[in-house]
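Observations on chain architecture
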Amino acid sequence: NYWNAASFVTSSSYLHFSTFQGETSADISFYFKTSASDGVFLENLGNTDFIKLELKSATEVSFSFDVGNGPVEIIVRSPNQLNDDQWHRVNAERNVKQASLQVDQLPLEVRKAPTEGHTRLELYSQLYVGAAGGQRGFLGCIRSLRMNGVTLDLEERAKVTPGVKPGCSGHCTSYGMYCANGGKCVEKYNGYSCDCSKTAYDGPFCIKDVGAFFEEGMWLRYNFRSPGTSIKDLVSRTLLSSADPEITAPDLNLNKEELSFSFSTTKSPCVLLYISSYTQDFMAVLVKPSGNLQIRYSLGGTKEPYNIDVDHRNMANGQPHTINITRNGRDIVLQLDHYPPTSYSLPTASDIQFNSPKALFLGKVIEIGKIDQDIYKYNTPGFTGCLSRVQFNQIAPLKAALRPTNASSHVHIQGELVESNCGASPLTIPPMSAATDPWHLDSASADFPYNGQAIGDGVNRNSAIIGGVIAVVIFTILCTLVFLIRYMFRHKGTYHTNEAKGAESAESADAAIMNNDPNFTETIDESKKEWLI
């Protein structure tokens, strides 16, 4: 129902439906797309009552009705043009208390109903969608028309109505940007779809990674030329060249390449990707024993291959990493993860054509003939980890192996290929540029985050060290003084006792007690004596 649409191609065309039953409440919503500046969306009449929605101007939508108390009109004015051939949503509501109108995400316009008067909308004519009675007809598309929760079947009625066509073309104009990663928007009768066949992605919007896990010793080979295919047929049907016509050459020599893929591994060295040829030309992406990345080009004209070494980080750390390589003649642009692209250039003596590409290998190189010594050394035991969204120009070898396509006959696999997205998205945090990194001392423009000069020579360094030592000594002395003061005065202070008053002048403590306590008596019986024998 969301894509149930009709196209009004003449100003006098309209669709008619049974009378709208909205006596006490009406809830109307739909989408429209037009390049005209005005036109009636829908209308239903009674004797004096009516309800109507129309595009009054290029920036105004009107909702008007009459329930017997006189016409009421609500207008929403848009700051932008509504006849821009893009989809816009209209939502109109009316009940016994109020009426409202909203267009897209613009503020809701509300009109309160009168406290007294008529409240029922009495309609008798048919419901007209488009135009009727010589009014300004609507030119454009209307879809997903819902009235009080019921979706009207515009397409079915349009099939038998002159001047109205079922469906609506031009969906890609509004929604084509949702086809990502090179996916192509395809117009459909009741909507659109994304063609992902020439991408390394899958899903309705070409955003799902297609990847696989490679066990040790496993490999995949994609033959650019399928068995039994002549060179003449290959030239006319190959996907090896990109969409750019300048890349296509009659003898399949490539002046440009676009390579992108994602991987994750914890083992090095290994061969991630290798492209062979019927000549001595090749291209390889390797992980060296140190875990650093290397891109190797050999296009002829030089004794040794041209190497691009990416030594600033370990790529065999188990995290997903993304590689994008673009070559245009002698110029090479490499982008790794979220780092800024880096440009390189082939030597002047190097050829700029990749002559007669033969096959693309993933995981391991199994090729007849002479192989570069380093690649042969890195080839054992093979790649272990994940490879994802591999694409060379318009070829997606992993997708061809995991999805049944016309290119599946070009693929040969050694081992069991298990689909996985474990190498899908890079987790690398983009680094701070050297110009803004306060700890990047190699940059002359780096500024420390405090006001002052950076320490630049040995004298300043010694002064800083001496100042630090002095500060520590002073702090230690202060701590020691605080401790001594607290120790010396820990017994001082005032305190109270229960010692009797006059104790200072009395002969003894007992005497002081007897003198101050009148109730205290001590009787000594002189007749009782105690003898010690």
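Under an unreviewed UniProt entry, the name given to the chain is Contactin-associated protein-like 2, and the source organism is Eudyptes chrysocome. Database annotation for the chain, UniProt heading Subcellular location (unreviewed entry): "Membrane". Quoted verbatim from the Sequence similarities (unreviewed entry) heading of the UniProt record, the comment on the chain is "Belongs to the neurexin family."

With that out of the way, let us pick up the sheet that holds strand β20 (residues 219-223). What the seven strands build is an open sheet, ordered β25-β24-β23-β22-β29-β20-β31; its pairing is antiparallel. Since the sheet does not close on itself, it has two edges, and those belong to β25 (306-310) and β31 (411-414), each with one partner. Taking each pair of neighbouring strands and ignoring which way they run, the sheet shows an average axis angle of 15 degrees.

We now examine the state of the cysteines. Within the structure shown, the criterion is met by three disulfides. At a sulfur-sulfur separation of 2.0 Å, the disulfide partner of C179 is C194. Between C179 and C194, the S-S torsion sits near -80 degrees, and that sign places the bridge as left-handed. A residue pair is termed long-range when its members are at least 10 positions apart, and C179 in the loop between α2 (171-175) and β15 (184-188) and C194 in strand β16 (residues 191-195) qualify at 15 residues. Residue classification places C194 among the buried positions, given a relative accessible area of 12%.

Attention now goes to the sheet that holds strand β2 (residues 15-17). The six strands are arranged β2-β11-β4-β5-β6-β7 in an open sheet whose pairing can be described as antiparallel. Each end of this open sheet is capped by a strand with a single partner; those strands are β2 and β7 (72-77). For this sheet, the mean angle separating the axes of adjacent strands, direction not counted, is 15 degrees. Examined bridge by bridge, strand β6 (residues 60-66) and β7 share six bridges and lie antiparallel to one another. Bridge assignment links V61 to a residue of β7, and that residue is V76.

Looking now at the side chain of N223. Mapped onto the elements of the fold, N223 is located in strand β20. A distance of 3.2 Å separates polar atoms of two side chains, one belonging to N223 and the other to R221. N223 has contacts with K358, A359 and H410, leaving out every residue within four places of it along the chain.

Here we come to unusual backbone geometry. With an omega dihedral of 0 degrees, the bond running from S268 to P269 counts as a cis peptide bond. Take P269: it is sitting in the loop between β21 (256-265) and β22 (270-277). Along the chain, T380 connects to P381 via a cis peptide bond; the corresponding omega equals 5 degrees. Mapped onto the fold, P381 is located in the loop between α4 (373-378) and β30 (385-392). Here the phi dihedral of D337 falls at roughly 50 degrees; this positive angle occurs in a residue that is not glycine. Within the fold, D337 resides in the loop between β27 (331-336) and β28 (342-345). Accessibility expressed as a relative area gives 6% for D337, which makes it buried. Of note in this structure, R389 is not a glycine but carries a positive phi near 40 degrees. Relative to the elements of secondary structure, R389 occurs in strand β30. Given a relative accessible area of 12%, R389 falls into the buried group.

With six of its six residues buried, strand β24 (residues 293-298) lies for the most part within the structure. Here β24 shows a buried face lined by L293, I295 and Y297 and a second buried face lined by Q294, R296 and S298. One ladder, built from six bridges, connects strand β23 (residues 282-287) with β24; its direction is antiparallel. Each bridged residue has a counterpart across the sheet, and for L286 the counterpart in β24 is Q294. Bridge analysis of β24 against β25 gives five bridges, and the strand direction is antiparallel. Across the sheet, L293 pairs through a bridge with V310, a residue of β25.

Let us now look at the nonpolar core. Grouped together as the largest cluster of nonpolar side chains are 46 residues, with contacts concentrated most on F214, F261, V285, L293 and I325. Looking at which element gives the most residues to this core, the answer is β22, with four residues. In this view, I325 contacts E257, E258, L259, M283, V285, I295, Y297, I332, V333 and L334; residues no more than four positions away in its chain are not counted.

Calculation rules
- Residues numbered from 1 in each chain as written.
- Predicted model: local features only at pLDDT ≥ 70, side-chain atom pairs only at ≥ 80, totals over all residues.
- Heavy atoms only, no water.
- UniProt positions renumbered as here; feature names shortened; annotations may be inferred.
- Pairing = 2+ DSSP bridges.
- Helix = DSSP H or I, 4+ residues; strand = E, 2+ residues; numbered from the N terminus.
- Axes fitted to C-alpha atoms, helices over the stretch in contact; angles between N-to-C directions.
- Disulfide = S-S within 2.5 Å.
- Buried < 20%, exposed > 50% of the residue type's maximum accessible area, 1.4 Å probe, protein only.
- Polar contact = N/O pair within 3.5 Å; in protein donor to acceptor, adjacent residues only side chain to side chain.
- Contact = heavy atoms within 4.5 Å.
- Core = buried A, V, L, I, M, F, W, Y, C linked by side-chain atoms within 4.5 Å.

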